[in-house]
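# Architecture and fold: a report
Spelled out, the chains give:
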Amino acid sequence: MNTAGVRRTLVAIGLAAALLASWPVPAFPQAKRGGVLTFALYQEPETLNPYIATQTASFEVNVFTIEGLLGVGPDGEYFPLLAKEVPSRQNGGVSGDGKTITYHFKDGLKWSDGQPVTCDDVRFTWQAIVDPKSGASGTTGYRDIETVDCPSPSTVVVRYKTFYAPFLSRFDAIMPRHAAGDPAEMPRWAYNRKPVGTGPFTMLEWVSGDHITFIPNRYYREAGKPYLSAVIIRITPSREVGKQLIKTGEIDVLWDLVESDVPELQPAAGVKISSAPSSFAERLVLNLADPTLDGPPLDQVEKNPHPILGDPRVREAIELGINKQEIIDKLLFGLATIGTNELHIGWARCATKPSEYDPARARQLLEQAGWKPGSDGIRVAQGARYAKDGTRLRLKLQTTTGNKLREQAEQLLIDYMKQIGLEFYIENVPSPVLFGSWASGAFRKHGHFDVVLYTTNPDVDPQSQVEGYFASWSIPTAANSGAGFNYARWGNKTADENINLAKNSPDINARKKAYCAVMGEIVKDRPHIYLYDRSSIHAYRDRMQGWVTNVWDRLGWNAEDWSLR
Amino acid sequence: MGAYVLRRLVQAVPLLWLISLVVFLLLHVIPGGPMAAYENNPDMTAEDLHRLEHDLGLDAPLHVQYVRWLAALVHGDWGYSLASKRPVLVEIGDRLPNTVYLMGVATLVTLLLAIPIGIFSAVRQYSTLDHVVTTVAFMGHSIPIFWFGLILIIVFHVMLRNPLSGAPLFPGGGMYTLGMPFSLLDRLHHLVLPVGMLAVANAATYTRYTRASMLEVIGQDYIRTARAKGTPEPLVIWKHGLKNAATPVVTILALDLPALFAGAVFTETMFSWPGMGRLFIESAFRVDYALLMAIIMVTAALTVAFNLLADVTYAVLDPRIRYG
């Protein structure tokens, strides 16, 4: 080939590129009724079966078609979805002992294939979950059910063997018997990839790794809804890709942003940011036991407290020494609120006073606790309660690697602690190591740590979270093969009593009071120090209408009301 | 020849077995594991965890798990994905055509660009074009591919707009426009950036090999002889030259071909391409043993096979090479 030949080829390539570039991009219809909304997820659901799925993305997708008896609204209160009303003592839905719950279906409910929704589907859902071969992930609560009775096709009577306080949170997804399969074969059901539900949309196709398309469910109970003619879930490899796509308007909804994304997206034309306080709280978990012991049970913890953190005055000093507001302003662009306790939001919300930033008082507390300034400003023990004289006031601070926000927060924490004469040193680990199981020898489970920093959150019903993290029987030990999340190894009688009270009371107000009593003990005793409450942040294009933020449910919780301008 | 191929195939069996053992052990060294997804759910009781672990066969000792996997494989059963619970072959079957499509087009474009350019710059050694080609090839070879891909997206997707519709000049990801009926032009439109990124990076390598190998061949006596006896120049280059210069290029190509199956992790991730590269990454994050083992083993088997294919091709290209 000569030069002219090469030139000809290059020109031809250029022409071809120009031709492709000028190809018109299809425009979607943009009417009040109809229109295709594109929703970007940076995770692909592994399955849409709500009782097998573990990833949040699976629930963000199946919400368009799968519904339960009750939903949870933006205020964290239950509202009827398939049921006519939320069962209570007053309306006769809850028996005196709280063990028998009666639901009535709304009239004329149909599955997206036209079959009627009956009580038998609820019974089937229960049977599928508790079948030992079904591979259901969580069976809590469902195991406590003795039977599901069906006095009529539209009446469901759930009889619990023992009282189960979060009963309203069960059956948040109902599966159709006729369109599922043998419970023992649940992991292999075709339903898992193409569920039949009662929601406003029904699934058209799922192209692996690319997109999932939903079209309106023509049997949806609300006439004239949904407004959209399709919802396309676009699976992107990362949040970054989604950010570019929403800027160019190729997607309408972008799920799950972090605070640091906001300054980049806020100025973008046509992009709206939804930010609302969520139940997630970033906290320091303090180990109250001697970290050299392997998974000590409570009696061992009491005999062998942590040489530094075992003294409540030191824990108080740490909290008072942290400038929480500055962390929020500097690192979170003011988009979070000061952390207080586990239940800062929801129906069981318990408002406690945020801690004051008071380094002077913190230093005073450390003095009183027998920690005197050393030559380099870091304190050493001199008559401390549990530490030998001469022990340096030095603690290991750990979190997950690769999380920029947490790494920056650690830097601030080191700085704050230095000012009160406490030395934090960092030893971050990959998240599978931090969050590993007892069997894998994870240090968090076995109690080999001083302070760890991470986020967790209670569910709509906080029982499993409060009991799991703060009941003395939830301390992971060899005896219980590491079950439970009480990594602080905190044992508190008042908290234990109230956790049991909340667990066994059918009266919601009594439960609220009990939880608040637990929170009071946590705030006083500080097994966890709450830094800030994270916001739930998402973005959407301004051509979309009907967006209602609900941190208790998935973004598509009210998709039947969504429309495009 | 037949005996040689057979011997190589037989040798491949213990090799692949060894690979499977090492990979299996390495995967199980990764902290976390597939059960990690359940560990921090406060709604999961210890009994639930044990039951699931048992269902997935993860509670058995490691050697038992390996033998189970191997025994199933011998019977042609690749098992089920631990995350999606679907058969591994179905998962791969969903993604493989997309990867073959992307990588096939990219390889074709690469060769169509690289070989003529390489030959040309060898024939016209030290001409201006040769210097340009050599420099560009060197740059293409050195640019980190993930950085280059991002630059392509920023320039051709975010900055440049189609003057007619105002839409981005080229799509920043995906295989086609969602919600639109099949259109060949739309498909090609989506191919431009990812193929461009792969072609630039790979063509650089191929150009340099073609050029070097061609230069060596052009200096040989038989080329001079061919010219002396009056053979037309194109015939000298394309028949006498290229055929002899092709051997190293074929080697590189053979080593690259397993990527037709394995996909390009960076390219697919950057351009939201639903192919094998992304399937691999996603499975790695989920520590999906069954799926990871399958992808790695098939890639390993293809690498072995294509190496053999390369050796056989040598013999075809160069009659002096004999295998006995």
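Up top you'll find the structure we're talking about.
This structure is a prediction, so every number in the text was calculated from the model and none was measured. (Residues numbered from 1 in each chain as written. Chains lettered and ligands numbered in written order. Predicted model: local features only at pLDDT ≥ 70, side-chain atom pairs only at ≥ 80, totals over all residues.)

## What to know about the sheet that holds strand S4 (residues 100-104) of chain A
All names here are of chain A.
- The strand order across the open sheet formed by 3 strands is S4-S6-S5, and the pairing between neighbours is antiparallel. Bordering the open sheet on either side are S4 and strand S5 (145-152), each of which pairs with just one other strand. On average, each strand axis in the sheet is tilted by 20 degrees relative to the strand beside it, whichever way the strands run.
- Relative to strand S6 (residues 155-160), S4 runs antiparallel, the two being bridged by 5 bridges. (Pairing = 2+ DSSP bridges. Helix = DSSP H or I, 4+ residues; strand = E, 2+ residues; numbered from the N terminus. Axes fitted to C-alpha atoms, helices over the stretch in contact; angles between N-to-C directions.)

## Overview of unusual backbone geometry
- Along the chain, Lys225 of chain A connects to Pro226 of chain A via a cis peptide bond; the corresponding omega equals 0 degrees.
- Even without being a glycine, Arg526 of chain A presents a positive backbone phi close to 60 degrees.
- Looking at the element boundaries, Arg526 of chain A is found in the loop between helix H15 (508-525) and strand S18 (528-541).
- We classify Arg526 of chain A as buried; it has 22 C-beta atoms within 10 Å.
- Even without a glycine there, the phi angle at Tyr126 of chain B is positive, about 70 degrees.
- Within the secondary structure, Tyr126 of chain B sits in the loop between helix H5 (88-123) and helix H6 (128-142). (Buried ≥ 20, exposed ≤ 12 C-beta atoms within 10 Å, placed from the backbone.)

## A closer look at the nonpolar core
- Formed by 152 residues in total, the largest nonpolar core has its most connected members in Phe39, Val231, Val253, Phe470, Tyr515 and Val518 of chain A.
- The element best represented in this core is S18 of chain A, accounting for 7 residues.
- When sequence neighbours within four positions are dropped, the list of residues in contact with Phe39 of chain A reads Val231, Ile232, Ile233, Arg234, Ile251, Asp252 and Val253 of chain A.
- Ala137, Ala259, Ala262 and Val287 of chain B belong to the second-largest nonpolar core, a separate cluster that totals 66 residues. (Core = buried A, V, L, I, M, F, W, Y, C linked by C-beta atoms within 7 Å. Contact = placed C-beta atoms within 7 Å.)

## With respect to the interface of chain B and chain A
- Each partner contributes to the interface: chain B provides 53 residues, whereas chain A provides 56 residues.
- Contributing elements (two or more residues each) for the side of chain B that touches chain A: helix H2 (36-39), helix H3 (46-55), H5, helix H8 (184-218) and helix H13 (276-286) of chain B.
- Here the side of chain B that touches chain A gets 5 residues from one element, more than from any other, and that element is H3 of chain B.
- Taken together, the residues of the side of chain B that touches chain A sort by class into 27 nonpolar, 16 polar and 10 charged. (Nonpolar A, V, L, I, M, F, W, Y, C, P; charged D, E, K, R; others polar.)

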